[in-house]
Amino acid sequence: KKMMFMLPVEYDSMDKIPKPTNPLVHIEEIPSQTGVVHVYNGKWGEARNKELAKRLAAQLIQDGVPDMTEEFVMEHYQFWGYNPPFTIPYFRRNEIWLPLEQTQADYLVKTFKPEVK
């Protein structure tokens, strides 16, 4: 398993980030990506995450996202949790995150962008 942390905006360059004291910890810059998320609260676990990833896949397929398959979702989704373990489950923010190709993101924006009046 892998754990990642997002650093606050003041660490806007790699040389501003404090050096880890544990040799198992390393710092890596991850390029920005476009994706889609399913946000949920409560308890999380591998079985629940897989179930929610399948639901996300079904919704994206139903919405007509180009080249979207359940297999792709199940191979590429990530669980993102934002709260410490002592947070009451109802108040936890969890996400199932899935990367999208630019054409898929463009399709979703074009298809579901709300009209501005």
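Located above this text is the structure these notes cover.
These notes cover the structure that comes with them. (Residues numbered from 1 in each chain as written. Predicted model: local features only at pLDDT ≥ 70, side-chain atom pairs only at ≥ 80, totals over all residues. Heavy atoms only, no water.)

Thoughts on unusual backbone geometry
Here is step 1 of the chain: If you check the backbone angles, D67 has positive phi at about 60 degrees while not being a glycine.
Here is step 2 of the chain: Here D67 is to be found in the loop between α1 (46-62) and α2 (70-76). (Helix = DSSP H or I, 4+ residues; strand = E, 2+ residues; numbered from the N terminus.)

Points about the pairing of strand β3 (residues 94-99)
Moving residue by residue along a regular strand, the side chains alternate between the two faces of the sheet.
Here is step 1 of the chain: Buried residues dominate β3, accounting for six of its six residues.
Here is step 2 of the chain: By the alternation rule, side chains of β3 split into N94, I96 and L98 and E95, W97 and P99, which are all buried.
Here is step 3 of the chain: Summarising the sheet, strand β1 (residues 35-40) and β3 pair through six bridges and their orientation is antiparallel. Note that in β3 the partner of V37 across the bridge is W97.
Here is step 4 of the chain: Of the strand pairs in this sheet, strand β2 (residues 78-81) and β3 are connected by four bridges, and their pairing is antiparallel. Note on β3: the bridge partner recorded for W80 is E95. (Buried < 20%, exposed > 50% of the residue type's maximum accessible area, 1.4 Å probe, protein only. Pairing = 2+ DSSP bridges.)

Considerations on the nonpolar core
Here is step 1 of the chain: In terms of nonpolar packing, the biggest core is built from 16 residues, with L60, M68, I96 and L98 touching the most fellow members.
Here is step 2 of the chain: Taken together, the elements giving at least two residues each to this core come down to β1, α1, β3 and α3 (102-112).
Here is step 3 of the chain: Not counting residues up to four positions away in its chain, the partners in contact with L60 are V36, V65, M68, L98 and L108. (Core = buried A, V, L, I, M, F, W, Y, C linked by side-chain atoms within 4.5 Å. Contact = heavy atoms within 4.5 Å.)

Regarding the side chain of E95
Here is step 1 of the chain: Tracing the backbone through its elements, the reader meets E95 in strand β3.
Here is step 2 of the chain: At 3.0 Å, the side chain of E95 forms a polar contact with the side chain of Y82.
Here is step 3 of the chain: In this structure the side chain of E95 is engaged in a polar contact, spanning 2.5 Å, whose partner is the side chain of R93.
Here is step 4 of the chain: Beyond its immediate chain neighbours, meaning those up to four positions away, E95 contacts V37, H38, V39, Y40, Q78, F79, W80 and Y82. (Polar contact = N/O pair within 3.5 Å; in protein donor to acceptor, adjacent residues only side chain to side chain.)

A word on the packing of aromatic side chains
Here is step 1 of the chain: All chains considered together, the criterion is met by three aromatic pairs.
Here is step 2 of the chain: Ring geometry for W80 versus W97: centroids 5.1 Å apart, planes at 10 degrees, classification stacked. With W80 in strand β2 and W97 in strand β3, this residue pair connects regions lying 17 residues apart in the sequence.
Here is step 3 of the chain: You can call W80 partly exposed: its relative accessible area is 22%.
Here is step 4 of the chain: In this structure W97 comes out as buried when scored by relative accessible area, which is 8%.
Here is step 5 of the chain: Centroid distance Y90 to F91: 5.3 Å. Interplanar angle 85 degrees. Geometry classified as edge-to-face. The burial state of Y90 is the same as that of F91; both residues are exposed.
Here is step 6 of the chain: Over the face of the ring belonging to Y82 we find R93, whose NZ or CZ atom lies 5.7 Å from the ring centre. (Phe/Tyr/Trp six-rings, centres within 6.5 Å; stacked < 30°, edge-to-face > 60°. Lys NZ or Arg CZ within 6 Å of the ring centre and 35° of its normal.)

Concerning α3
Here is step 1 of the chain: What α3 keeps buried is the set Q104, A105 and L108. Projected onto a plane normal to the axis of α3, the buried residues spread over an arc of 100 degrees and lie on a single side. α3 presents T103 and K110 as exposed residues on the side facing more than 90 degrees away from its buried surface.
Here is step 2 of the chain: On its buried face, α3 sits against α1. (Arc of directions from axis to C-beta.)

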